[in-house]
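What follows is the residue order along each chain.
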Amino acid sequence: MNSKISVIVPFYNINKLALRRCIDSILRQSYRDFELIIVNDGSSKNYEDIEKEYLEKDNRIIFIRNEHAGVSAARNKGIEVSKGEYIAFVDSDDYVEENYLSTLYNAIQDSDIAIGAVLVQNYWTYHRWEDRRLFFSQPSRYNGLQYINFCWNKLYKSRIIKDNNIKFDESVKLGEDALFLNEYYKYCESFRSVKSYLYFYEYNYNSAVNKYDLNFWNWEQKVIQVQWDLFHQYPLSDFEEQAMLSWLYRKFKYVLYYYIDRESDKNQRSMILKNVVSHPLFEKLKECKLTKENVHFNSNDCKILKIWSNLGINGIYLTRLIAKYK
């Protein structure tokens, strides 16, 4: 009989102690009917001792060695070999509560996806069930990172993933989780979130998100567009539309300051900034209602947007300079 849940753990040159902590946290699950698929993404370090130890310890574990191709390829390989009715992802430097699988398994019984809270800067979730229209009509509630960016605090139906050939985009180095979720959400009719902190995220200063990459905007604009469209499938109230504009402002602000801070080539930086502000969604920021009644924008946000509107790219440089020396 196939395991009910396939847990996929990709890793690349991870510290062995961290990998052990991750594996052990999964093996301690109160829910026992699972297979643990651990995908070595072509690590240059030797992990044969860990493989041998855990294969002898528990017959639910499968070790796979992949050519180094990135975390997306490793997760896709895990999906390919998985036999479970449900699929969960855990990153190798993170760990989970003992009731991680049992809580998500119980939660997904009346929905197409189960979402748990993440213990890192308190990414909590609402404890509720929503149908498709309600979920995507409330971006003020559901467009947080824990809902639309993280792939690993969730339980998925394998059928939805495999029947619709949903995969992680192997050409993208950042935002692959968000793009995967966007595809999965297309086939979801109902959503269940639970308040419990089930997943413990360890901040990795050496991860791709913390390294400068010239192509960041190429990847991020894909994420911005699909997530904007995700929450515009149905008409939004004025309150919710302003919530989306606030989200959009923060996304563009991060991109603009990312290149101002990290790109040393002035010509290259100038070209990228011009490209960013020419994006059609950047124009949407002009629709922000910068009034005291708009709870989505604080006074500082309002000042920044007014400077951007009046001074263009020079205003963006100015606001970044002011923020640095505040």
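Look a little higher up for the structure.
Read on for an overview of the structure. (Residues numbered from 1 in each chain as written. Predicted model: local features only at pLDDT ≥ 70, side-chain atom pairs only at ≥ 80, totals over all residues. Heavy atoms only, no water.)

### Description of the overall build of the chain
When you go through the chain residue by residue, the secondary structure sums to 14 helices and 9 strands. For the chain, the C-alpha radius of gyration of 21 Å lies close to 20 Å, the compact-globule estimate for 326 residues. Overall, the chain is about 65 × 45 × 35 Å in size when its C-alpha atoms are taken along their principal axes. Accessible surface computed for the chain: about 15700 Å², of which carbon and sulfur atoms make up 49%. (Helix = DSSP H or I, 4+ residues; strand = E, 2+ residues; numbered from the N terminus. Rg over C-alpha atoms; globule rule 2.2 N^0.38 Å. Areas by Shrake-Rupley, 256 points an atom, 1.4 Å probe, with all protein chains shown as cover.)

### Some points on the nonpolar core
Counting 106 residues, the largest nonpolar core has I23, L36, F89, Y185 and W308 as the members making the most contacts within it. The biggest single contributor to this core is helix α11 (residues 238-262), with 12 residues. Among residues more than four places away in sequence, those in contact with Y185 are I113, I115, R132, F136, Y147, I148, K154, F191 and L230. (Core = buried A, V, L, I, M, F, W, Y, C linked by side-chain atoms within 4.5 Å. Buried < 20%, exposed > 50% of the residue type's maximum accessible area, 1.4 Å probe, protein only. Contact = heavy atoms within 4.5 Å.)

### Examining the environment of F150
Looking at the secondary structure, you find F150 in the loop between α7 (145-148) and β8 (154-157). Owing to a relative accessible area of 13%, F150 belongs among the buried residues under this scheme. Taking C-alpha positions, F150 is 6.8 Å from A178, a pair spaced 28 residues apart along the chain. Excluding residues within four positions of it along the chain, F150 makes contact with V118, Y123, L145, Y156, D177 and L181.

### Some details on the pattern of salt bridges
One pass over the full model with this rule turns up 24 salt bridges. With its nearest N and O atoms 2.9 Å apart, the salt bridge here joins D177 to R75. Of this pair, D177 sits in helix α9 (residues 176-185) while R75 sits in helix α3 (residues 71-81), placing them 102 residues apart in sequence. The same class applies to D177 as to R75, namely buried. Of the charged contacts in the structure, one is a salt bridge between E130 and R141, with a shortest N-O distance of 3.8 Å. With E130 in strand β7 (residues 128-131) and R141 in helix α6 (residues 139-142), the pair connects residues that are 11 residues apart, well separated along the chain. The buried category is assigned to E130, whose relative accessible area is 4%. (Salt bridge = Lys/Arg side-chain N within 4 Å of Asp/Glu carboxyl O.)

### What about α3?
Every buried residue of α3 is listed here: S72, A73, A74, R75, N76, G78 and I79. Where α3 is buried, its residues meet β1 (5-11), β2 (34-41), β3 (61-66), β4 (86-89), α8 (158-163) and α9.

### Examining unusual backbone geometry
Keep in mind that most residues, glycine aside, have a negative phi and that most peptide bonds are trans. Of note in this structure, N13 is not a glycine but carries a positive phi near 50°. Tracing the sequence through the fold places N13 in the loop between β1 and α1 (16-27). A positive phi is found at N165, a non-glycine position, where the angle reads about 50°. Residue placement: N165 occurs in the loop between α8 and α9. Judged by relative accessible area, N165 falls into the exposed class, the value being 55%.

### Quick word on α9
Burial runs high along α9: 9 of the 10 residues are buried. Listing the buried residues of α9 in full gives E176, D177, A178, L179, F180, L181, N182, Y184 and Y185.

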